[in-house]
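# Analysis of the macromolecular model
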Amino acid sequence: MAKRVARTAEPTRNYKMLGTAQKAPLFYLDYQGPDQDPVPFADPDTGENYTRFDGLRFEGVGIYEEGDHLKLNAFFSDPALDDDEGLMLTGGLVTYWSQGLLCGLLALADSGDIEAEFDLDTWRGTRGRQPLFVNLYQGRRKLKQQALYNALEMAKGDKAATIEVLRGAVKELQLKADGVQVAQVADVTDADDFDGSDF
């Protein structure tokens, strides 16, 4: 377990921390501790990357800032983990991965049941840096808040404007979550490890 997290509504507990990988063919890096190098989050027998998480429930979201580095930290319960463990996914704030995640989580909040189960699917683009993308699903229904998507399209190409839109989205999600958002998070990732920006 890589993190101890201070939360506003529940006691501190352990979170398994996965960060988005900067370079293909990796998807996520497993941060097993502050003094250990991250390892690919993959099947130990086949080496195949894990790209999908089923049956997640949202617990909280926040932005970690250190200098020019901005990361989106999202917290979930995961049926694949022990009951006393949670899942933390982290990636650069100004990435397609973070944008897709926030679009999906806000759509979940808009549905009226922010604690409902959903599945998270990750894939890589095929051009350029092959950035990571993510979609959230409930059954076959894709979750995407159109208002945030439209705002990001308007801000595309302007990093400062994109950051402002994403900060607003995180704040909106925290308000809608009301009581489950994360208060503060210490960081153990290396800026060279994760996908920091798609711009």
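Details of the structure are given in the entry above.
Residues numbered from 1 in each chain as written. Predicted model: local features only at pLDDT ≥ 70, side-chain atom pairs only at ≥ 80, totals over all residues. Heavy atoms only, no water.

### Points about the packing of helix 2 (residues 146-155) against helix 3 (residues 159-177)
Our working rule: Axes, fitted as lines to C-alpha atoms, cover a helix only where it is in contact. Angles between the N-to-C directions of the axes lie from 0 to 180 degrees. Think of it this way: any DSSP run of H or I at least four residues long counts as a helix, any run of E at least two long counts as a strand, and we number them from the N terminus. Any angle that is under 35 degrees is reported as roughly parallel, and any over 145 degrees as roughly antiparallel; angles of 65 to 115 degrees are reported as roughly perpendicular and all others as oblique. Definitions for this section: a left-handed crossing has its near helix turned counterclockwise from the far helix by less than a right angle. A right-handed crossing has that turn clockwise. Contacts are assigned to residue pairs with any non-hydrogen atoms lying within 4.5 Å of each other.
It is at 8 Å that the axes of helix 2 and helix 3 come closest, and there the two elements cross at 165°. Looking at the two axes, helix 2 sits roughly antiparallel to helix 3. In terms of crossing hand, the pair formed by helix 2 and helix 3 is right-handed. Residues Leu148, Ala151, Leu152 and Ala155 of helix 2 form the contact with helix 3, whose participating residues are Ala161, Thr162, Val165, Leu166 and Ala169.

### A few points about the side chain of glutamine 145
Quick reminder of the rule: Distance and chemistry together define a polar contact, namely a pair of N or O atoms within 3.5 Å, with one atom able to donate a hydrogen and the other to accept it when in protein, and with adjacent residues in sequence counting only for side-chain atoms on both sides.
Assignment of secondary structure puts glutamine 145 in the loop between strand 11 (141-143) and helix 2. Separated by 2.9 Å, the side chains of glutamine 145 and aspartate 110 make a polar contact. Here the side chain of glutamine 145 touches leucine 148 through a polar contact of 3.2 Å, landing on its backbone nitrogen. Those residues in contact with glutamine 145 that sit more than four places away from it in its chain are Cys103, Leu106, Ala107, Asp110, Glu172 and Lys176.

### Re helix 3
Inclusion rule: Here a helix's expected span is defined as the number of its residues, less one, multiplied by 1.5 Å. Note on classification: 1.4 Å probe, protein chains only; a residue is buried when its accessible area is under 20% of the maximum for its type, exposed when over 50%, partly exposed between these limits. The reported arc concerns the directions from the helix axis to the C-beta atoms and nothing else.
Along its 19 residues, helix 3 runs 27 Å from first to last C-alpha, staying within 8% of the 27 Å computed at 1.5 Å per residue. Taken residue by residue, helix 3 has Thr162, Ile163, Leu166, Ala169, Val170, Leu173 and Ala177 as its buried positions. Each buried residue of helix 3 sits inside an arc of 120° when the element is viewed along its axis, so together they form one side. Residues of helix 3 that are exposed and point over 90 degrees away from its buried face: Ala160, Glu164, Lys171 and Leu175. If you follow the buried residues of helix 3, they end up packed against strand 6 (52-66), strand 7 (69-77), helix 1 (96-110) and helix 2. Of the residues flanking the start of helix 3, the one acting as N-cap is aspartate 158, its side-chain oxygen 3.3 Å from the backbone nitrogen of alanine 160.

### Description of the packing of aromatic side chains
How we decide: A pair of Phe, Tyr and Trp rings is counted when the ring centres sit within 6.5 Å of each other, with Trp represented by its six-membered ring. The angle between the planes then sorts it: under 30 degrees is stacked, over 60 is edge-to-face, the rest tilted.
Under the criterion given, the structure shown has nine aromatic pairs. Where phenylalanine 58 meets phenylalanine 76, the ring centres are 6.4 Å apart and the plane angle is 65°; that geometry is what we call edge-to-face. A residue pair is termed long-range when its members are at least 10 positions apart, and phenylalanine 58 in strand 6 and phenylalanine 76 in strand 7 qualify at 18 residues. Just as phenylalanine 58 is buried, phenylalanine 76 falls in that class too. Three or more aromatic residues joined by ring pairs make a cluster, and in this case those are Tyr28, Phe41, Tyr50, Phe53 and Trp97.

### As for the pairing of strand 3 (residues 14-20)
Just so we agree on the cut-off: Being paired, for any two strands, means DSSP has found at least two bridges between them.
For strand 3, the tally of buried residues reaches six of seven residues, placing the bulk of the element in the interior. Where strand 3 lies against strand 4 (residues 28-31), four bridges are found, and the strand directions are antiparallel. Each residue of the ladder has a partner; that of leucine 18, found in strand 4, is aspartate 30.

### Thoughts on the pattern of salt bridges
Basically, it comes down to this: For this analysis, a salt bridge means a side-chain nitrogen from Lys or Arg found within 4 Å of a carboxyl oxygen belonging to Asp or Glu.
As enumerated under the stated definition, the model contains seven salt bridges in all. We note a salt bridge from aspartate 119 to arginine 52, for which the minimum N-O separation is 3.3 Å. Here the residue aspartate 119 occupies a position in strand 9 (residues 118-124), and arginine 52 occupies one in strand 6, the gap between them amounting to 67 residues. Residue arginine 52 is classed as partly exposed on the basis of its relative accessible area of 40%. Residues joined in a network through salt bridges with shared partners are Arg52, Asp54 and Asp119.

### Structural notes on the nonpolar core
The nonpolar side chains of soluble globular proteins are, as a tendency, buried together. Stated precisely, the cut-off is as follows: Among the buried residues, those of types Ala, Val, Leu, Ile, Met, Phe, Trp, Tyr and Cys that are joined through side-chain atoms within 4.5 Å form a nonpolar core.
Phe58, Leu101, Phe118 and Leu120 are the most contacted members of the largest nonpolar core, which has 42 residues in total. At the level of secondary structure, the elements contributing two or more residues to this core comprise strand 6, strand 7, strand 8 (85-92), helix 1, strand 9, strand 10 (132-138), helix 2 and helix 3. Per element, the largest residue contribution to this core is nine residues, and it comes from helix 1. Apart from residues lying up to four places away in sequence, leucine 120 is in contact with Tyr28, Thr51, Arg52, Phe53, Leu56, Leu89, Leu101, Val134, Asn135 and Leu136.

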